Amino acid sequence: MEKGSKEKLKIGIYELTGCAGDALLILDCEKELIDMFKAADIQSFLMAKSDNIDGELDVALVEGSVSTEREKEELLDIRKRAKTVVAIGICACFGGIQAAFLDKKDWEKNFKKVYGDKKMTHTKPLQSKPIDAYIKVDYYLPGCPIGKEQFLSTFNRILRGHPPELYRFSVCVECKWNENDCLLNKGIPCLGPITRAGCGSICINHNLPCVGCWGPVEEANLTSEFHLLREKGFDYDFIKKKMANFSGTGMADFLGELKGEKK
Amino acid sequence: MRIIKLKKDNLFPFLEVISEEADLWAPVKKGDKHVFKVVDDFSQIEMNSTRTILPPRKIFLPPTFDMFSVSEEGYKEDFSHITKKILFGIHPCDIHGLLILDNFYKQAYLDPYYLEARKNTLILGLSCWPDEYCFAKSTNTHIIEEGFDLFFTYLKDFFLVWIGSSQGDDLVRLKPELFDEKLTDKDIQTYLNWQAERDKAYKWDLNFTAMPDLMELKYGDPLWEKLGDTCLACGSCTNVCPTCGCYNIMDKQFLGGKDGKIMRHWDACTLEEYSEVAGGENFRKKRSDRLKLWYTHKLQAFISKYGKPSCVGCGRCIVACPVDINVRTVGKALLGEEEDAFWIRLNKEVTK
């Protein structure tokens, strides 16, 4: 171990169910990677190294949602070992695409459709959920994947003992900064107003509507967005599906309420 | 103020000459809207543009920029984004917007970034024609008497050019042979006719005289709760407003070393975080309270301090807001006139 590393914060980077895009993004910070390993004592990072140690941690960064019993146990163990847990990426923060089925019955139906009656021997499958369904999460760093700049700034602030400083407004703000013409006003179903900023409104910059992959912004006005899309001519199922696609669990209450509403 | 004449065909040769002095910014097309951009090819300039998506304040204070670099030696101001610019094609209402921002940034604390950028930018105004959203006549910002170096009124075959400053005069002197010093009676009549027609072309107006009192009288009106229920808190009205100037500051420290940057970005009082203080207390947690703040500033508070509204009638909020919360619908609602707007319809449709 490098000299003086005792004072460095012990960090672990973990991946649960997801595409590993967030871990990959961290690895893709090529310019900063050496500084990162110099500034912190990275104890565990499966994608980057093989000599991983599962000991006490100052900070655990967790990517992915929980979708098996084994992952749940692993997560509980991480929480026990880490002083601070940061959920990184949409799957850890809001469940991601694999958590689009909010209703347990819907999930069971779909599970059966995919796997049939096959018996699972490796581990017990669970309905996919964000990590805060099982443990206390200290900080959330959303994204699909997380943004390089926000990750580096968050990593750096955590090393210095500061909480992350993220944009807390919707994609619309960055979209305006990029001087895009509003897609909603052209009748295109864009989730910008209810989605957290940080991506730099990358889709709308390319004339594609926001799909909500960074999860709902703190103050998302789902009712107004829903009715606005209804008025623009989109049907109930389409809007519900679109909203639930990436971060259904972040909107579970609202989507649950909609269930009872007339189509 | 001296007024001279420029033949239409002489405009590009003039721009050619002056663009050697500084970057030339002008309105160009983006989709079916317009934006200010640096132009090399003058044929891209939209001579009949309507409002740009973002107001010209983006040229003085970009949405995000670095204010300071930080190292072990201390802070160093970063003015690197400020370069010499010529802004051509800015409409009267937007020049008024800059004059309002001048009030804002020259108050108790001078804003060095804004003032330095202002000093380095020449304002070459251009006349315009109202569309269905413009209401600059209601705010009396459809005409401009100060705040420009040159102002071009576009009269089909020629421009009348007002020389508003010695720097504007210097530009003309770079190629004086392009201009005619003498105007004919016919030229003057053409201008007067144009002005009369233009004034008639405004399609709607708003009684701003009534607004300060109405803001006071209707401060507790249920109207605000309706607006708050509909508002998406997307900050678009604020970001596109030519007279909004609030900002936030973020630290950007670099990994490993002790260097960093301090970044500044546009903020909006219509966003949730704006009124949050240390400890997490938020004075304007409700969207309705934030909308009240925005409209109080635009329609009441600024008037009592500076004698004019902090609204220049550009119509950007009308175009931008997806749920129709803008100076027109709110102003009309305060006056007791019901406009057709999503925020009115939403409350009728939601039964939950």
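Just so it is clear, the structure is predicted and the values come from calculations on it, not from any experiment.

All names here are of chain A. Partitioning chain A into domains gives domain 1 (5-159) and domain 2 (171-259). For domain 1 and domain 2, the distance between their C-alpha centroids amounts to 25 Å. The interface of domain 1 with domain 2 comprises 17 residues on the first partner and 17 residues on the second. Roughly 1200 Å² of surface becomes buried between domain 1 and domain 2 when both sides are summed, with 66% attributable to carbon and sulfur atoms. If you sort the residues of domain 1 by the area they bury against domain 2, Phe-94, Ile-97 and Leu-102 come out on top, with a joint share of 40%. Along the contact surface separating domain 1 from domain 2 lie zero salt bridges. Linking domain 1 with domain 2 are two residue pairs in polar contact (both at pLDDT 80 or more). Looking at side-chain class alone, the side of domain 1 that touches domain 2 contains eleven nonpolar, five polar and one charged residues.

Between the first and last C-alpha of helix H6 (residues 185-200) of chain B there are 23 Å, a value that for 16 residues agrees with the 22 Å anticipated at 1.5 Å per step. Residues of H6 of chain B that are buried in the fold lie against strand S1 (2-7), strand S8 (150-155) and strand S9 (158-163) of chain B.

Here we take up the pairing of strand S2 (residues 23-30) of chain B. Residues and elements named next belong to chain B. Looking at chain direction, S2 and strand S6 (residues 85-90) are connected through three bridges and run parallel. By the bridge assignment, Trp-25 is partnered in S6 with Leu-87. Two elements, S2 and strand S3 (residues 33-38), share six bridges in a ladder whose sense is antiparallel. Bridge pairing links Ala-26 to Lys-37 in S3. Linking two consecutive strands that pair antiparallel, namely S2 and S3, is a turn of two residues; a positive phi of about 60° is found at Gly-31 within it.

With that out of the way, let us pick up the nonpolar core. Formed by 61 residues in total, the largest nonpolar core has its most connected members in Met-243 of chain A together with Trp-224, Tyr-295, Ile-325, Val-327 and Leu-334 of chain B. Aside from chain neighbours lying at most four places away, what touches Trp-224 of chain B is Met-215, Lys-218, Tyr-219, Ser-288, Leu-291, Lys-292, Tyr-295, Val-330 and Leu-334 of chain B. Trp-25, Tyr-113, Phe-148 and Val-240 of chain B belong to the second-largest nonpolar core, a separate cluster that totals 41 residues.

Pairing within the open sheet is mixed, and its eight strands lie in the order S3-S2-S6-S7-S8-S9-S1-S10 (chain B). What marks the edges here is a single partner per strand, and that holds for S3 and strand S10 (179-180) of chain B.

So, on to the interface of chain B and chain A. Taken together, the contacts link 52 residues of chain B with 41 residues of chain A. Contact between chain B and chain A buries roughly 3800 Å² in total, counting both sides, with carbon and sulfur atoms accounting for 52%. Where chain B packs against chain A, one counts eight salt bridges. Put simply, Glu-219 of chain A and Arg-290 of chain B hold a salt bridge, and the shortest N to O gap is 2.4 Å. On the surface where chain B and chain A come into contact, there are 15 residue pairs in polar contact (both at pLDDT 80 or more). Only S3, helix H8 (223-230), helix H9 (236-240), strand S11 (247-253), strand S12 (260-266), helix H10 (287-306), helix H11 (316-320) and helix H13 (342-349) of chain B provide two or more residues apiece to the side of chain B that touches chain A. Of the residues forming the side of chain B that touches chain A, the biggest block, five residues, is contributed by S11 of chain B.

Cut-off values and rules
- Along each chain, residue indices are assigned from 1 in the same order as the chain's sequence is written.
- A letter from A marks each chain and a number from 1 marks each ligand, given out in the order of writing.
- Two thresholds apply to this predicted model, a pLDDT of at least 70 for residue-level local features and 80 or more for giving and counting side-chain atom pairs, whereas whole-chain, interface and lining totals are computed over all residues.
- Here the side-chain values reflect all heavy atoms present in the structure, with hydrogen atoms and water set aside.
- Domain delimitation in this document rests on an assignment produced automatically or drawn from a domain database.
- Contact criterion: two residues are considered in contact whenever any of their non-hydrogen atoms come within 4.5 Å of each other.
- Accessible area that two parts lose when put together, evaluated with a 1.4 Å probe and summed over both, is termed the buried area.
- Every case where a carboxyl oxygen of Asp or Glu lies within 4 Å of a side-chain nitrogen of Lys or Arg is listed as a salt bridge.
- In protein, a polar contact means a hydrogen-donor-capable atom and an acceptor-capable atom, both N or O and within 3.5 Å, with residues adjacent in sequence counting only if both atoms are side-chain atoms; elsewhere, any N or O pair within 3.5 Å suffices.
- The residue classification treats Ala, Val, Leu, Ile, Met, Phe, Trp, Tyr, Cys and Pro as nonpolar and Asp, Glu, Lys and Arg as charged. All others, Gly included, are polar.
- Helical segments are the DSSP runs of H or I of at least four residues, strand segments are the runs of E of at least two, and each set is numbered from the N terminus.
- Expected span of a helix, by definition, is 1.5 Å for each gap between consecutive residues, and there is one gap fewer than residues.
- Two strands qualify as a pair provided DSSP detects at least 2 bridges between them.
- In this text, buried Ala, Val, Leu, Ile, Met, Phe, Trp, Tyr and Cys residues form a nonpolar core when linked through side-chain atoms within 4.5 Å.
- With a 1.4 Å probe rolled over the protein chains alone, any residue whose accessible area is under 20% of its type maximum counts as buried; one over 50% counts as exposed, and the rest are partly exposed.

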